[in-house]
Amino acid sequence: FKKPDGTTTPRSGTTIIETPEVLNQLGLYTITADFAGDENYTQKNITRWATSYDPNNPDTTSPRYTEIGQNASRIFEEQSIKLWINMIDDHTLLDYAELRMNHTGTFQLESKIYVNAPFMNATFNFTAPAGTAGKTIGWFVTFNDSFNFITTSEARSFTVYDIADTNFDFNIGMIELS
């Protein structure tokens, strides 16, 4: 149990009733539970966050992003591309991230990830549908925090090619066997 001031309080128990903690500081609390024993858990621990704030001095800043990117600038039809954004909120929890793309001609919601954390490295995978060859597809991400402050990322794009229209240049080298 990590308090907003950075101090930690180790606890043990099996239910929330057995491990009470008063949220008496303003800010973000980090709560991590470790699963002991030899059960077949899908993970050994889990972390959740809680925010305590002063209603007379609420969060007034929007979340921000520290990085945005994609793993290619061009792809072929029916090929996938990875798009990502790293988001953070210094005061409260992020709520969701929405990927918006214009592969249909107008920007539309393509995917939504619910966050509930102070930071998120959101990754979206997109496969270019048949019929999108020759198009440049734009994308951006909107995300908000638990006070409903919304941030929109810069727009990025990639181009979709038809594999039949691509010329390949093969360089063949000679190997001397002795």
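(A) Here's a closer look at the overall build of the protein. Counting its regular elements, the protein contains zero helices and 11 strands. Secondary structure elements of the protein occur, N-terminal to C-terminal, as β-β-β-β-β-β-β-β-β-β-β. Out of the 178 residues in the protein, the part that is buried amounts to 28%. A fraction of 57% describes how many contacts in the protein between residues 6 or more apart in sequence connect residues 24 or more apart. Accessible surface for the protein amounts to roughly 11,900 Å². Of this, 50% is attributable to carbon and sulfur atoms.

(B) Main features of the nonpolar core. If you look at the biggest cluster of nonpolar residues, it comprises 22 residues, and the most contacted ones within it are L83, M101, W139, V141 and F158. For this core, the elements supplying multiple residues, two or more each, are strand 5 (80-88), strand 6 (94-101), strand 7 (108-117), strand 8 (119-127), strand 9 (136-145) and strand 11 (156-161). Apart from residues lying up to four places away in sequence, L83 is in contact with G69, Q70, L99, M101, A122, T123, F124, W139 and F158.

(C) Geometry of the side chain of T159. With respect to the helices, strands and loops of the structure, T159 is situated in strand 11. Engagement of the side chain of T159 in a polar contact is seen with the side chain of T136, the distance being 3.3 Å. With near-sequence residues (within four places) excluded, T159 lies in contact with S73, R74, I75, K135 and T136.

(D) Summary view of unusual backbone geometry. At E78, a residue that is not glycine, the phi angle is positive and equals roughly 60°. With respect to the element layout, E78 can be found in the loop between strand 4 (74-76) and strand 5. Positive phi is not limited to glycine here, since N148 has a value of about 65°. One can find N148 in the loop between strand 9 and strand 10 (150-152).

(E) Highlighting the packing of aromatic side chains. Taken as a whole, this structure holds three aromatic pairs when the rule is applied. Geometrically, the ring pair formed by Y65 and F143 is edge-to-face, given 6.4 Å between the ring centres and 85° between the ring planes. With Y65 in strand 3 (residues 64-70) and F143 in strand 9, this residue pair connects regions lying 78 residues apart in the sequence. Here F126 and F158 contribute two aromatic rings whose centre-to-centre distance is 6.1 Å and whose plane-to-plane angle is 55°, an arrangement assigned as tilted. A residue pair is termed long-range when its members are at least 10 positions apart, and F126 in strand 8 and F158 in strand 11 qualify at 32 residues. Each member of the pair, F126 as well as F158, is classed as buried. Residue placement shows R74 over the ring face of Y161; its charged tip is 5.5 Å from the ring centre. Its end group placed over the ring of Y96, K112 keeps NZ or CZ at 4.3 Å from the ring centre.

(F) Structural view of the pattern of salt bridges. Enumeration according to the criterion identifies three salt bridges in this entry. Here K112 makes a salt bridge to E98, at a shortest N to O gap of 3.3 Å. Within this pair, whereas K112 is found in strand 7, its partner E98 is found in strand 6, the two being separated by 14 residues in sequence. Given a relative accessible area of 34%, K112 falls into the partly exposed group. Assessed through its relative accessible area of 8%, E98 is described here as buried. A salt bridge links E154 to R156; the shortest N-O distance between them is 3.0 Å. You can call E154 partly exposed: its relative accessible area is 38%.

Cut-offs used in this document
- Residues numbered from 1 in each chain as written.
- Predicted model: local features only at pLDDT ≥ 70, side-chain atom pairs only at ≥ 80, totals over all residues.
- Heavy atoms only, no water.
- Helix = DSSP H or I, 4+ residues; strand = E, 2+ residues; numbered from the N terminus.
- Buried < 20%, exposed > 50% of the residue type's maximum accessible area, 1.4 Å probe, protein only.
- Contact = heavy atoms within 4.5 Å.
- Areas by Shrake-Rupley, 256 points an atom, 1.4 Å probe, with all protein chains shown as cover.
- Core = buried A, V, L, I, M, F, W, Y, C linked by side-chain atoms within 4.5 Å.
- Polar contact = N/O pair within 3.5 Å; in protein donor to acceptor, adjacent residues only side chain to side chain.
- Phe/Tyr/Trp six-rings, centres within 6.5 Å; stacked < 30°, edge-to-face > 60°.
- Lys NZ or Arg CZ within 6 Å of the ring centre and 35° of its normal.
- Salt bridge = Lys/Arg side-chain N within 4 Å of Asp/Glu carboxyl O.

What is shown is where atoms sit, not what they do.
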